[in-house]
Amino acid sequence: MSISSRFSVAIHILSLLAINKDKATNTSEYLAGSVNTNPVVIRKVMSMLKGAGLVHVRAGVAGATLAKELSEITLLDVYKAVNVVAENDLFSSHEHPNPDCIVGRNIQQSLTKQFSAAQKAMERSLEIVTLEDVVQDILQSDNV
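Being a predicted model, the structure only gives us computed values, none of them experimental. (Residues numbered from 1 in each chain as written. Predicted model: local features only at pLDDT ≥ 70, side-chain atom pairs only at ≥ 80, totals over all residues. Heavy atoms only, no water.)

Undergrad: Could you clarify how one ought to interpret the environment of P97 in this entry?
TA: Structurally, the position occupied by P97 is in the loop between α4 (75–81) and α5 (102–127). A C-alpha to C-alpha distance of 30 Å links P97 and S5, two positions 92 residues apart in sequence. Not counting chain neighbours up to four residues away, the residues in contact with P97 comprise G104, I107 and Q108. (Helix = DSSP H or I, 4+ residues; strand = E, 2+ residues; numbered from the N terminus. Contact = heavy atoms within 4.5 Å.)

This is the structure we're talking about:
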């Protein structure tokens, strides 16, 4: 299993909105063409981003814009906006281990502590990367 692709799709959308900020082409169809997915997927992710205050979208009006400066949006903000996983739920343990076994009785308690620490470390890492960092990297990669 992996983290929901909504996370990378959301970063893709936000990056494209930033790069195309002066264009009126930021429709769900246009964004879907860049992501190579269905416009319905884009609208669903855009709705989540709007709910988190990261984009401005108006019903019946084509186009979307960023609601914040690139430097104010962290990857953690995006991660949380698209409901990738619930708090302390990034990693899951197998259910119903054998309670008659020493490992079965104790594995979930032991792993819960380790998995929680790992998720917190990942989230701290996402918190220090901004959308501005991502967009700069995209632009630099295209100039190579």
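Undergrad: What is the right way to read the packing of helix α1 (residues 6–19) against helix α2 (residues 28–35) from this model?
TA: Helix-helix packing is described using two parameters, namely the angle between the two axes and the distance between the axes. Contact pair α1 / α2: the axes reach a minimum separation of 10 Å and the direction vectors enclose 120°. When the interaxial angle is binned, α1 and α2 end up oblique. In terms of crossing hand, the pair formed by α1 and α2 is right-handed. Across the interface between the two elements, V9, H12, I13, L16 and L17 of α1 pack against Y30, L31, S34 and V35 of α2. Its residues assigned to classes, the contact of α1 with α2 comprises seven nonpolar, two polar and no charged. (Axes fitted to C-alpha atoms, helices over the stretch in contact; angles between N-to-C directions. Parallel < 35°, antiparallel > 145°, perpendicular 65-115°, else oblique. Left-handed = near helix turned anticlockwise from the far one by under 90°. Nonpolar A, V, L, I, M, F, W, Y, C, P; charged D, E, K, R; others polar.)

Undergrad: Got a minute to help me understand unusual backbone geometry in this structure?
TA: Backbone geometry follows two general trends: most residues other than glycine have a negative phi, and most peptide bonds adopt the trans configuration. One non-glycine residue with positive phi stands out, namely N36, at about 65°. Unlike most non-glycine residues, H96 shows phi in positive territory, near 60°. Given the relative accessible area of 72%, H96 is considered exposed. (Buried < 20%, exposed > 50% of the residue type's maximum accessible area, 1.4 Å probe, protein only.)

Undergrad: When you look at the pattern of salt bridges in this model, what are you seeing that I'm missing?
TA: If the charged atoms of two oppositely charged side chains come close together, the side chains can form a pair. Per the counting criterion, the structure on display carries one salt bridge. Here E29 and R43 are joined by a salt bridge, their closest N and O atoms 3.5 Å apart. Residue E29 is located in helix α2, and its partner R43 is located in helix α3 (residues 39–51); the two are separated by 14 residues in the primary sequence. By relative accessible area, which is 42% here, R43 ends up partly exposed. (Salt bridge = Lys/Arg side-chain N within 4 Å of Asp/Glu carboxyl O.)

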